[in-house]
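Given next are the chains, with one letter for each unit.
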Amino acid sequence: MADVKREKYVALMTRIEEAEDRLAELEKQRAGGTGQPDLDARIAALNESLAADRRELARLSDGCGRPWHE
C-alpha cells in the first residue's frame, strides 16, 4: 500500500514540475511578444491545473510525518 501512495506522490510531483516548466516557457513567450492569440488562455488554464495539482499534493502530504500534538 505504501508503494502505491509513493507512486502517486512521485507522479504528482513530476506532473507539477513539468507544468511549472511549461508555464515558465509560456511566460517567456508572452514576454517575448510572439503574438500567439490563445497564449493568455493557455496560461490561465495551466495555472488552474497547477493549482489543483498543488492542492492535491498538499492533501496527500498532510498525512505524512509526525502528528502536531506529539
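Figured I'd write up the structure that's included with this text.

### Observations regarding the nonpolar core
Then, number 1: Core analysis: the largest hydrophobic core is formed by ten residues, namely Leu12, Ile16, Ala19, Leu23, Leu26, Leu39, Ile43, Leu46, Leu50 and Leu57.
Then, number 2: Among the secondary structure elements, those contributing two or more residues to this core are helix H1 (2-32) and helix H2 (39-61).
Then, number 3: When sequence neighbours within four positions are dropped, the list of residues in contact with leucine 12 reads Asp53, Glu56, Leu57 and Leu60.

### Brief notes about the packing of H1 against H2
Then, number 1: Running from amino to carboxyl end, H1 crosses H2 at an angle of 155°, the nearest separation of the two axes being 10 Å. Here H1 lies roughly antiparallel to H2, going by the angle between them. Taken as a pair, H1 and H2 cross one another with a handedness that is left-handed.

### What about the environment of isoleucine 16?
Then, number 1: Tracing the backbone shows isoleucine 16 in helix H1.
Then, number 2: On the basis of relative accessible area, isoleucine 16 is assigned to the buried category, the value being 6%.
Then, number 3: If we skip the residues at most four places from it in the chain, isoleucine 16 touches Leu50, Asp53, Arg54 and Leu57.

Criteria and thresholds
- Residues numbered from 1 in each chain as written.
- Predicted model: local features only at pLDDT ≥ 70, side-chain atom pairs only at ≥ 80, totals over all residues.
- Heavy atoms only, no water.
- Core = buried A, V, L, I, M, F, W, Y, C linked by side-chain atoms within 4.5 Å.
- Buried < 20%, exposed > 50% of the residue type's maximum accessible area, 1.4 Å probe, protein only.
- Helix = DSSP H or I, 4+ residues; strand = E, 2+ residues; numbered from the N terminus.
- Contact = heavy atoms within 4.5 Å.
- Axes fitted to C-alpha atoms, helices over the stretch in contact; angles between N-to-C directions.
- Parallel < 35°, antiparallel > 145°, perpendicular 65-115°, else oblique.
- Left-handed = near helix turned anticlockwise from the far one by under 90°.

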